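Tertiary structure, described
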Amino acid sequence: MFILVNLKAYPCDPIEVAEAAREVSEDSGVRIAVSPQAADISRVADTGVETWAQHVDPNGYGSHTGSTLAEAVAEAGAVGTLINHSENRLKLADIDGSVRAAERAGLETCVCANNPAQTGAAAALGPDSVAVEPPELIGGDVSVSTADPDIVSDAVSAAAAVDEDVDVYCGAGVSTGDDVVAAGDLGATGILLASGVAKADDPRAALEDLVSGL
Ligand SMILES: O=C(CO)COP(=O)(O)O
């Protein structure tokens, strides 16, 4: 399982989380990546943790004030990027453009989707992975893998029907090792989570719990 920690815009210390993630990953052998604010990518990457951007825009170099350039986040040390999110919704054409931009820059791609139908649509754009996250469960205490397991298994089926090479991750309310194991049992090959680590009093302990059943 791949554990991808989205720090969103939470007021946590990205370096504390990054160092904990790197060490827990090294100790457990579980792949763990951290996705900080764009402004923090460089110093998070300097900790040695696998680092992802939270977003890239479709444009390449040029007159695009305010854009997040895929090439720039790659240069800063990111090796992957989230694209689209329930909290940062993009049009289909922009999701497609951002996947292409990320590919040009050599970034791994994970497109977020709200439900199985969107998971299938996102898979058709050929990202490396799609993360299904029901918006109503995001930031809550109940994991998608227990609250609505069919969403995960249906998303896995929807992606496989379109492109068997696209991995399916799940997220929303995931905070324990049991949640991670349950997600794996439903066919997910990764977890995308945020508050369970970013809002934890002890992010390292939260990460250790997440990998405890793997
Ligand atoms: O939106 C999410 C990750 O992108 C999930 O957030 P929570 O882990 O806080 O539910």
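These numbers were taken from a predicted model, which means no experiment stands behind them.

Glancing now at the overall build of the chain. Helix and strand counts for the chain come out as 10 helices and eight strands. Taking 214 residues into account, the globule formula puts the C-alpha radius of gyration at 17 Å, and the chain, at 16 Å, falls close to it. Along the first, second and third principal axes, the C-alpha set of the chain runs to 45 × 40 × 25 Å. Sequence-distant contacts in the chain: of pairs separated by 6 or more residues, those separated by 24 or more amount to 67%. Accessible area of the chain: about 9000 Å², with a carbon and sulfur share of 46%. Separation between the mean location of the 10 positive side-chain charges and that of the 35 negative ones in the chain comes to 7 Å.

Within the UniProt annotation, "binding site: substrate" (unreviewed entry) is assigned to N6, L7, K8, I138, G173, A194 and S195. The greatest C-alpha distance among the residues just named is 14.4 Å, despite their covering 190 residues of sequence, which places them together in space. Of the annotated set, the members that line the largest cavity are N6, K8, I138, G173, A194 and S195. Take N6: its relative accessible area is 5%, and that puts it in the buried class. The residues touching N6, leaving out its near neighbours within four places in the chain, are S35, Q54, L82, H85, L192, L193 and A194. Here the side chain of N6 touches K8 through a polar contact of 2.8 Å, landing on its backbone nitrogen.

The subject of this paragraph is the pairing of strand 8 (residues 190-193). Along any regular strand the residues' side chains alternate between the sheet's two faces. Where burial is concerned, the two faces of strand 8 agree: the one with G190 and L192 and the one with I191 and L193 are both buried. Bridge count between strand 1 (residues 2-6) and strand 8: four bridges; the pairing is parallel. Bridge pairing in strand 8 places F2 opposite G190. Sheet analysis places strand 7 (residues 167-171) next to strand 8, joined by three bridges and oriented parallel. Its bridge partner lying in strand 8, Y169 is registered against G190. You can see the chain leave strand 7, run along helix 8 (residues 177-185) and come back into strand 8, and the turn it takes is right-handed.

Once that is clear, we can look at unusual backbone geometry. Here K8, not a glycine, exhibits a phi torsion of approximately 45°, which is positive. With respect to the helices, strands and loops of the structure, K8 is situated in the loop between strand 1 and helix 1 (14-28). Phi at N84 takes a positive value of approximately 70°, unusual for a residue other than glycine. In this fold, N84 is placed in the loop between strand 4 (80-83) and helix 4 (92-104). For N84, a relative accessible area of 10% corresponds to the buried category.

Near the ligand the following residues occur: N6, K8, H85, E133, I138, G139, A172, G173, L192, L193, A194 and S195. Here G139 contributes a backbone N or O atom positioned 2.7 Å from an oxygen atom of the ligand. Out of a free accessible area of 310 Å², the ligand has 100% covered by protein chains. Here the shell around the ligand is composed, by residue class, of five nonpolar, five polar and two charged.

Let us now look at a negative patch on the surface. A contiguous patch of negative charge, built from D13, E16, E19, D27, D201, D202 and E208, is present on the exposed surface. At three residues, helix 1 tops the list of elements feeding residues into the negative patch. Mapped onto the elements, D27 comes out in helix 1.

Definitions and cut-offs
Residues numbered from 1 in each chain as written. Predicted model: local features only at pLDDT ≥ 70, side-chain atom pairs only at ≥ 80, totals over all residues. Heavy atoms only, no water. Helix = DSSP H or I, 4+ residues; strand = E, 2+ residues; numbered from the N terminus. Rg over C-alpha atoms; globule rule 2.2 N^0.38 Å. Contact = heavy atoms within 4.5 Å. Areas by Shrake-Rupley, 256 points an atom, 1.4 Å probe, with all protein chains shown as cover. Lys, Arg positive; Asp, Glu negative; His and termini not counted. Charge placed at Lys NZ, Arg CZ, Asp CG, Glu CD. UniProt positions renumbered as here; feature names shortened; annotations may be inferred. 1 Å grid on protein atoms, 1.4 Å probe; cavity = no way out; pocket = protein on both sides within 12 Å on 5 of 7 lines; lining within 4 Å. Buried < 20%, exposed > 50% of the residue type's maximum accessible area, 1.4 Å probe, protein only. Polar contact = N/O pair within 3.5 Å; in protein donor to acceptor, adjacent residues only side chain to side chain. Pairing = 2+ DSSP bridges. Right-handed = clockwise from strand over helix to strand, strands pointing away. Near = heavy atom within 4 Å. Nonpolar A, V, L, I, M, F, W, Y, C, P; charged D, E, K, R; others polar. Patch = residues over 30% accessible without salt bridge, like charges linked within 9 Å, V, L, I, M, F, W, Y side chains within 5 Å. Salt bridge = Lys/Arg side-chain N within 4 Å of Asp/Glu carboxyl O.

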